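So the chains spell out like this:
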Amino acid sequence: MKRFVLKGTIIYCKSKEELAAVDGGYAVCEDGICRGVFETLPERYQSFTLKDYGSCLIIPGMTDLHVHAPQYTVCGYAMDLELMDWLNAYIFPEEAKYHDLSYAKTSYQVFVQDLVHSPTTRLCAFGTLHTEGTLELMRQLEEAGFTGYVGKVSMDRNSPNTLRETDGAEALKGWLSQCNFKHIRPILTPRFIPACSDRLMAEIGELQAQTHLPLQSHLSENPIEIAFVKELCPDADFYGDAYDRFGTFGTNGSTIMAHCVYSDEAEIARMKENNVYVAHCAESNFNLSSGIAPVRRFLDAGLHMGLGTDIGAGTSVSMFRSVKEAIIASKMYWRLIDSRQKPLQFSEAFYLATRGGGSFFGKAGSFEDGFDFDAVVIDDRKIRTPLPKDPVNRLERVIYADDCRTVIDKYIQGRQVICG
Ligand code: GUN
Ligand code: FE
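These numbers come from a predicted model, not from an experiment. (Residues numbered from 1 in each chain as written. Chains lettered and ligands numbered in written order. Predicted model: local features only at pLDDT ≥ 70, side-chain atom pairs only at ≥ 80, totals over all residues. Heavy atoms only, no water.)

A. Spotlight on helix 2 (residues 101-116). Look at helix 2: 22 Å from first C-alpha to last across 16 residues, which is about the 22 Å you get at 1.5 Å a residue. For helix 2, every residue scored as buried is listed here: Ala104, Ser107, Tyr108, Phe111, Val112, Leu115 and Val116. Contacts made by the buried residues of helix 2 are with strand 5 (62-68), strand 6 (120-126), helix 3 (131-144), strand 16 (407-412) and strand 17 (415-418). For helix 2, the N-terminal capping position is held by aspartate 100, with its side-chain oxygen 3.0 Å away from the main-chain nitrogen of serine 102. (Helix = DSSP H or I, 4+ residues; strand = E, 2+ residues; numbered from the N terminus. Expected span 1.5 Å × (residues − 1). Buried < 20%, exposed > 50% of the residue type's maximum accessible area, 1.4 Å probe, protein only. Contact = heavy atoms within 4.5 Å. Polar contact = N/O pair within 3.5 Å; in protein donor to acceptor, adjacent residues only side chain to side chain.)

B. Local environment of the pattern of salt bridges. Taken as a whole, this structure holds 25 salt bridges when the rule is applied. Close ionic contact of glutamate 265 with arginine 297 constitutes a salt bridge, the shortest N to O distance being 2.8 Å. Of the two residues, glutamate 265 is situated in helix 8 (residues 265-274) and arginine 297 in helix 10 (residues 295-300); the sequence distance between them amounts to 32 residues. Of the charged contacts in the structure, one is a salt bridge between arginine 340 and aspartate 338, with a shortest N-O distance of 3.0 Å. Through salt bridges with shared partners, a single network forms among Asp237, Asp241, Asp244, Arg245 and Arg270. (Salt bridge = Lys/Arg side-chain N within 4 Å of Asp/Glu carboxyl O.)

C. Spatial organisation of the coordination of the iron ion (ligand 2). Within the protein, the iron ion (ligand 2) binds to His66 (NE2), His68 (NE2), His218 (NE2) and Asp310 (OD); these donor distances fall in the range 2.1 to 2.4 Å. Coordination at the iron ion (ligand 2) is irregular, judged from the four donor atoms that bind it and the angles of 87 to 176° they form at the metal. (Donors = N, O, S within 2.8 Å, 3.2 Å for Na, K, Ca; no water. Tetrahedral: all angles 85-135°; square planar, octahedral: opposite > 155°, others 65-115°.)

D. The arrangement of the sheet that holds strand 17 in detail. The strand order across the open sheet built from seven strands is 3-2-1-4-15-16-17, with neighbouring strands paired in mixed fashion. Of all the strands in the sheet, just strand 3 (33-38) and strand 17 have a single pairing partner and so form its edges. Sheet twist, expressed as the mean angle between neighbouring strand axes with direction ignored, is 35°. Both strand 1 (residues 3-13) and strand 4 (residues 49-60) contribute to a ladder of six bridges, which runs parallel. When the bridges of strand 4 are listed, lysine 7 appears paired with aspartate 52. With respect to the sheet, helix 13 (residues 391-401) is in contact with strand 1, strand 2 (19-30), strand 4 and strand 15 (375-378), its orientation differing from that of strand 4 by roughly 70°. (Pairing = 2+ DSSP bridges. Axes fitted to C-alpha atoms, helices over the stretch in contact; angles between N-to-C directions.)

E. Examining the side chain of threonine 406 more closely. Inspection of the secondary structure assignment puts threonine 406 in the loop between helix 13 and strand 16. In this view, threonine 406 contacts Phe320, Val377, Ile378, Asp379, Ile383 and Val398; residues no more than four positions away in its chain are not counted.

F. How the structure looks around the site of ligand 1. The full set of residues close to ligand 1 is His68, Gln71, Leu83, Trp86, Leu87, Arg191, Phe192, His218, Glu221, His259 and Asp310. Measuring from an oxygen atom of ligand 1, one finds a side-chain N or O atom of arginine 191 at 2.7 Å. Here aspartate 310 contributes a side-chain N or O atom positioned 2.9 Å from a nitrogen atom of ligand 1. Summarising the interface, the protein chains cover 100% of the accessible area of ligand 1, which totals 280 Å² for the free molecule. Top contributing element to the shell around ligand 1 by residue count: helix 1 (residues 83-96), with three residues. Across the shell around ligand 1, the residue classes break down as four nonpolar, four polar and three charged. (Near = heavy atom within 4 Å. Areas by Shrake-Rupley, 256 points an atom, 1.4 Å probe, with all protein chains shown as cover. Nonpolar A, V, L, I, M, F, W, Y, C, P; charged D, E, K, R; others polar.)

G. Seen up close, the side chain of histidine 130. Looking at where histidine 130 falls in the secondary structure, it is placed in the loop between strand 6 and helix 3. In this structure the side chain of histidine 130 is engaged in a polar contact, spanning 2.8 Å, whose partner is the side chain of threonine 128. In this structure, histidine 130 is in contact with Glu95, Ala96, Tyr98, His99, Thr162 and Leu163, ignoring residues within four places of it in sequence.

Okay, here's the thing in structure tokens:
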């Protein structure tokens, strides 16, 4: 189905502050590209196949800008520790199991199946160190119809021997040569400074300078982690500078840094200068007692930003949850940390989950003319109230109810991903 029209109650962001809502509207898809939303269907699109979703809500697809697919097996337990101890006690032993391809296959099947029944259309995911397991994750996501980036994780220090590269970026290059998928593409993924030697970081930096591949990593998440980075890189001006010295902080390709809970003015300024994306993962930051990221400061500084579930420190594939937690976190930042930093409005958090993260892929996350056609169809009839509801109230209730069972259909670049 290349040319079609979806009919329903359509909501999308025009800007951070402005939501557009059209009851009984028509969203037009032509060869995977959105041609806009209309109150009455223009003559030129009347020959397109019409799919009428009645009173269902239709929103742009959401981008999970930071997620660890292999950690889905353990998400929801083991939240009693802070970042570094949590990684050592639970996460590294779990990720080591993905050496076994049959374990990887079964575990990723569960992740991908649940992701299909979620509002996510695009993702930037971490795999593990293992080439075969990571290719398996890519294959499954591609077959399920997703668009996104997946990274084989690079790490070679401060981790178990079973989770260490032994030959710099050689294994990474071997994996890259096997990434032949259409919609799931590779992303360089140095885990974080504590787990990557100077040699490994330098080789990844060189590789990015040659290939301009995108890159994802972690930044300024936890005080103990940040102190460790200071010890490991005494010459760096701040954590982000430790990446920048290797050319892995946005100067050689699009770059996402997850968390940024403790990013100060200098780090924010460098991120702005280098066009680095922030992946804000509020629920993860609560669960690991990391803190609350200063999202209002990021917005005021004009940083690119999206939201991430950060499974397994986040506990659900649902981006509805990420939107809700981002709003709650920003309220607590305002109340407890800095009363000058206003909480996120609903439209701003929705924007971050759709257009904000989507912009990492170019034009994604809106129904304006020229955007990739990513749409999520939501049947909210089970969320009951005797009150009349306008479209935006309905969307807010869906997001706060955080129930992926309301997602009944999904389109990614015009490809229909069956949810039912
Ligand atoms: N920093 C390095 N690795 C990880 C990880 O797996 N999860 C989180 N939350 N932070 C990290
Ligand atoms: Fe993470």
